[in-house]
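# A closer look at the structure
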Amino acid sequence: MCVQYQVSGLENRRDYELCRVNVTDRDDPGTGNWEARYAIARSDASGHFAVHTDPATNQGVVTVVKPLDFESQSEHTLVLTVANRNPLSPKAPRVPVSSATVVVTVVNENEAPRFREDPIHVLVPEYDIIKDPERWLDINKLTGDIIARRPFNIRSPHLRSGVYTAVVRATDAGGMATSATLLITLKETNDYAPQLVPLRGTVCRTGYHPDSALLLTALDEDLAPHADPFTFELPHEMALNWTLVPVNSELLNDLSLYCLTPTCSLMTCLCTV
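### With respect to the overall build of the chain
The secondary structure content of the chain amounts to zero helices and 21 strands. For the chain, with 273 residues in total, the buried portion stands at 30%. The contacts in the chain between residues at least 6 apart in sequence include a share of 57% that link residues at least 24 apart. Total accessible area on the chain is roughly 18700 Å²; 54% of this is exposed by carbon and sulfur atoms.

### Here's the deal with the environment of Cys19
Residue placement: Cys19 occurs in strand β2 (residues 16-21). Along the backbone, Cys19 and Gln6 are 13 residues apart, and their C-alpha atoms lie at a distance of 9.3 Å. Once residues lying within four places of it in the same chain are set aside, the contact partners of Cys19 are Val7, Gly60, Val61, Val62 and Val102.

### Things to note about the nonpolar core
Leu18, Phe49, Val62, Leu68, Val102 and Val104 are the most contacted members of the largest nonpolar core, which has 20 residues in total. Mapped onto this core, the elements with two or more residues apiece are β1 (2-10), β2, β3 (36-42), β4 (49-53), β5 (60-64), β6 (75-84) and β7 (99-107). In contact with Leu68, other than residues within four places in its own chain, are Gly9, Leu10, Glu11, Asn12, Arg13, Tyr16, His48, Phe49, His76, Val104 and Val106. The next biggest cluster of nonpolar side chains, apart from the first, holds 10 residues, and it includes Leu214, Ala218, Phe230 and Trp242.

### Examining the environment of Val21
Of note, Val21 is situated in strand β2. A C-alpha to C-alpha distance of 9.8 Å links Val21 and Val51, two positions 30 residues apart in sequence. Those residues in contact with Val21 that lie beyond four places of it in its chain are Tyr5, Tyr38, Gln59, Gly60, Leu80 and Val102.

### Concerning the pattern of salt bridges
Counted according to the given criterion, the structure contains seven salt bridges. Members of the salt-bridge network, linked through shared partners, are Glu17, Arg20 and Asp54.

### So, the sheet that holds β2
Pairing within the open sheet is antiparallel, and its three strands lie in the order β2-β5-β4. Each of the sheet's edge strands pairs with one partner strand only, and the pair in question is β2 and β4. Adjacent strand axes in the sheet meet at a mean angle of 30° when their direction is disregarded. In this structure, β2 lies alongside β5, joined through five bridges in antiparallel fashion. Within the sheet, the bridge partner assigned to Tyr16 lies in β5 and is Val64.

### Focus on the packing of aromatic side chains
Within the structure shown, the criterion is met by two aromatic pairs. Seen in terms of ring centroids, Trp136 and Tyr164 are 4.5 Å apart; in terms of plane orientation they differ by 45°. Their pairing is tilted. One end of the pair, Trp136, is in the loop between β8 (126-131) and β9 (137-139); the other, Tyr164, is in strand β12 (residues 163-171), and 28 residues separate them in sequence. Residue classification places Tyr164 among the buried positions, given a relative accessible area of 0%. Through a chain of ring-to-ring contacts, the aromatic side chains of Trp136, Phe152 and Tyr164 assemble into a single cluster.

What counts, and at which threshold
- Along each chain, residues carry numbers from 1 onward, in the same order as the chain's sequence is written.
- Where totals are concerned, whole chains, interfaces and linings use all residues; where local detail is concerned, this predicted model gives features only for residues with pLDDT of at least 70, and gives and counts side-chain atom pairs only at 80 or more.
- The side-chain figures draw on all heavy atoms in the structure; neither hydrogens nor water molecules are used.
- Secondary structure counts use DSSP, requiring at least four H or I residues in a row for a helix and at least two E residues in a row for a strand, with both numbered from the N terminus.
- Burial classification: accessible surface area is computed with a 1.4 Å probe over protein chains only, and a residue below 20% of its type maximum counts as buried, one above 50% as exposed, and the rest as partly exposed.
- By definition in these notes, contact holds between two residues if any of their heavy atoms fall within 4.5 Å.
- Throughout, the Shrake-Rupley method with a 1.4 Å probe supplies accessible areas, and for residues the shown protein chains are the sole cover considered.
- To form a nonpolar core, buried Ala, Val, Leu, Ile, Met, Phe, Trp, Tyr and Cys residues must be joined to one another through side-chain atoms within 4.5 Å.
- What counts as a salt bridge is simple: a side-chain nitrogen of Lys or Arg found within 4 Å of a carboxyl oxygen of Asp or Glu.
- By this definition, two strands are paired if DSSP reports at least two bridges between them.
- A fitted line through C-alpha atoms serves as each axis, taken over the contacting stretch for helices, and the angle formed by two N-to-C directions is quoted from 0 to 180°.
- Paired rings are identified among Phe, Tyr and Trp, the last through its six-membered ring, by centres lying within 6.5 Å, and are further divided according to the angle between planes into stacked (under 30 degrees), edge-to-face (over 60) and tilted (the rest).

Next comes the structure, spelled out in structure tokens:
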């Protein structure tokens, strides 16, 4: 016959009585034939529990000798067996070994967080940049995080089709290294306004030069799509005396300026992208 006990055990404590199991023996109390000896037959591989006999009551006393941990195991099932201190008489009836099952439910307690290991040993690779011709980049040698140490310049001769190439290397504690290519694509922005060329000129309309004109164009330090083609126009106050005419359809940014009055004048005009 197997008897089952349901008990609760507190975690993080040791050397306390968990429960008692009872046994019945019709031999004379206090003799070796009556005294019971208990054992944990199975299900305590981690050694959390122990059992001994109370000599006064002959009960089996189950104790916790190693702290329980709810997070690692919330329930334990113990199987206890019992026998007399003295061997049974050959005349005694043969019966199965008596056993009892003790199901221990671990009570969860609010615990402070703890590290799984202390000290914590970490091996990290060391990072460095082995190719950065413009010295634009900086790298955190422990984390590998890359930052720009100064502004990028899209007009750098080290760019190919707007892409800057750098090489990063990682080296482990054993000296083994590997590298990877870092491709940085620079996006052109509209940083510069176009400038008229020339900035100053004189056009005189005379009988000898009835068609005198000044050829204008514009320059822009930006790259496509923030450069040419340009749009030219005159300020409103100059539109009565001056005219802008494209030289031809292929060079829309090259314009002739015709003087509509027989005067010599300092010329200005607007050029916008």
